[in-house]
Amino acid sequence: MARRELTAKSIACLISRNNKGNMTRLELHFSPGSSAQLRKAVFSHPKLSSPIVSVRGKGGGAVASDSSFQWTRAVQAFVLLVLDAKADGGVLKGEESTPAASLDYAISKQTAWLADMFGRFDSGALIYKRAFKRSNPERKRSGPVIVSLNQAFLPCENIKVIIGEAELKDERQLRVLRAAVKSQWYASSKLRIEERVQSRQNADELNGDDKFKELFRRLLTEECQLVMHATDIFNSRALKGNLAQLRSNPSVNGLSGDAEFVSALDSEMLSSHRLGIVDEDMLRKYLCGSKPIRIASPAPGPAAAAIFVYLRDVKGYSLELDFAYPHAIEIAQRIIRSDFDQAPDAVVLGIAPAAQLLGLGGKSHYRPLMMLPKNSQRIISGGRVSGRAKTLGEADYFMLKENPSNPKFYFDQLVRSGELREKRVSLSHMEPDEVFSTFKEADESVRAILFFPHYHLNQIFNKTQLVDRAGDQRQFKEMFLFVHDSIMRDRNKARCLDIAIRDAWLTIREQPRLMNQLIGRLVNDQLYLKFMRRACGLSSLRADIPKLGRLTPS
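These numbers come from a predicted model, not from an experiment.

Conventions used here
Residues numbered from 1 in each chain as written. Predicted model: local features only at pLDDT ≥ 70, side-chain atom pairs only at ≥ 80, totals over all residues. Heavy atoms only, no water. Phe/Tyr/Trp six-rings, centres within 6.5 Å; stacked < 30°, edge-to-face > 60°. Helix = DSSP H or I, 4+ residues; strand = E, 2+ residues; numbered from the N terminus. Buried < 20%, exposed > 50% of the residue type's maximum accessible area, 1.4 Å probe, protein only. Pairing = 2+ DSSP bridges. Axes fitted to C-alpha atoms, helices over the stretch in contact; angles between N-to-C directions. Contact = heavy atoms within 4.5 Å. Expected span 1.5 Å × (residues − 1). Arc of directions from axis to C-beta.

Student: Please explain the packing of aromatic side chains as it appears in this structure.
Tutor: To describe a pair of aromatic rings, one takes the distance between the centres and the angle between the planes. Applying the stated criterion to the full structure yields eleven aromatic pairs. Here Phe-78 and Trp-113 contribute two aromatic rings whose centre-to-centre distance is 5.9 Å and whose plane-to-plane angle is 55°, an arrangement assigned as tilted. Within this pair, whereas Phe-78 is found in helix 2 (residues 73-88), its partner Trp-113 is found in helix 4 (residues 112-118), the two being separated by 35 residues in sequence. Look at Trp-113 and you get buried, because its relative accessible area is 9%. Arranged with centres 5.9 Å apart and planes meeting at 75°, the rings of Phe-436 and Phe-461 form a pair that is edge-to-face.

Student: In this structure, what is going on with the sheet that holds strand 7 (residues 145-149)? I would like to understand it.
Tutor: By way of backbone hydrogen bonds, the strands of a sheet pair with one another, either parallel or antiparallel. The antiparallel open sheet is built from three strands, whose spatial order is 5-7-6. Strands with a single pairing partner mark the edges of an open sheet, and in this sheet they are strand 5 (92-94) and strand 6 (132-135). On average, each strand axis in the sheet is inclined to that of its neighbour by 10°, with strand direction left out of account. Relative to strand 7, strand 6 runs antiparallel, the two being bridged by four bridges. Bridging across to strand 7, Lys-133 finds its partner in Ser-148. Here helix 2 sits on the sheet in contact with strand 5, strand 6 and strand 7, set at roughly 65° to strand 7.

Student: How should I be thinking about helix 7 (residues 236-247) in this particular structure?
Tutor: Each α-helix turn comprises 3.6 residues. Residues three or four places apart therefore point the same way. Look at helix 7: 17 Å from first C-alpha to last across twelve residues, which is about the 16 Å you get at 1.5 Å a residue. Every buried residue of helix 7 is accounted for by Leu-239, Asn-242, Leu-243 and Leu-246. Viewed end-on, helix 7 has its buried residues packed into an arc of 95°, placing them on one side of the element. Structural note: helix 7 exposes Arg-237, Lys-240 and Gln-245 on the side pointing more than 90 degrees away from its buried face.

Rendered as structure tokens:
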């Protein structure tokens, strides 16, 4: 009979049997709801006259306690180790800027909260030093540090994890809690780093790639603020009115017929769910699975990108984000052609490609779930436009037109309103990055309908002019989230994704500083920045960015 290999969990079980009768105890009490933060620890040892109670805060306050701690990354790393050990006998392992390194540092430096939480023996020796085992402490050799619980001293079965009044015993629940704490560790770390980077950028003269980062940071932040407030899915009446307008639009109706642009799950939301309010445990149950939800989203859509980055990095939901698309039209075409290496679970589409997919019925295998923040678009003219020439007629128009597109829908709208006479203009297909190079030498007879950020960039680099209709400086076109049939069949998962997006949307709207941090995270992602530069036609430019003034066009 082959020898059965011992797993980490089976080894832990053997250790625990040998520790039967061990009276060392630890209780970790977490706040209920979505915060998933340690609020109290209770440690007992036979040589202590009474249990040590530690509470979160700078002092015990009104709570009877022996000591206090703050919810730092080191404390979060300690909690991660305990939850790992409880769930599957795991350990913390990592190099610089990981939870393992954070806890290792706290152990080595004899941090006060560890001393207070575990106490001392009568000899004065710190008890916590017996609670951990370490390999390669302080990483004095190359490679990671490994920190584990010393189960000969503190067996896992002697540790209780409590949320509110209920003890967590199920491994799945422990892993969900662990995911929530881990997301806080990484989020707090990254947001602090980005804040320091941004401070340096504001203080120092920018050069090279930093200038492009600053340019995109300002453009994306402005657009994000604008469209998150210009789109209202939280007022049922406003949303229904918006959808009714779409159904009466000939360009839309000609492709989608009578198909609905949001799911019944979204349109029939309970009031609390419509406002993004739900028990966090429910969201984590369906959004923290081992298999991530893969989302394909066009890079130039900063509001949707900020929402998804928040859900992934701050909330800790299991999402895999792919922003490698210059526009949503390409995403729709890839769906139609079955041209994905791995089909995404959800996609972000503008109204035109969304209508095209709806017109295919069930053939695409993607269904609409909800509306997302809209995108803005404007009309630009090459050269300096004279007062007489500042009209929409008699010009050569360039835009995305070979497949259904939001700019083409805008053009059709101008024709129907009589502001453009189709027979008096020429219309040619051109990608936005190609428009950028074409308009370097274009005169006032040339026009383009562009979505964000292309109209901004042509203003900044090519000195183009805006020739939108009087009093109508921006057009906002609807964006939607479509999900694969496999997601829609799991109604709870689809509903939780919808609610989580609504919660993220309102949270970001309510916290401008958070919005800035999320946009900062996007532009500091080298892959994202590289793709944005290429999609916008800026790949050949180096540091020749004009001095940035007020970016909002007048």
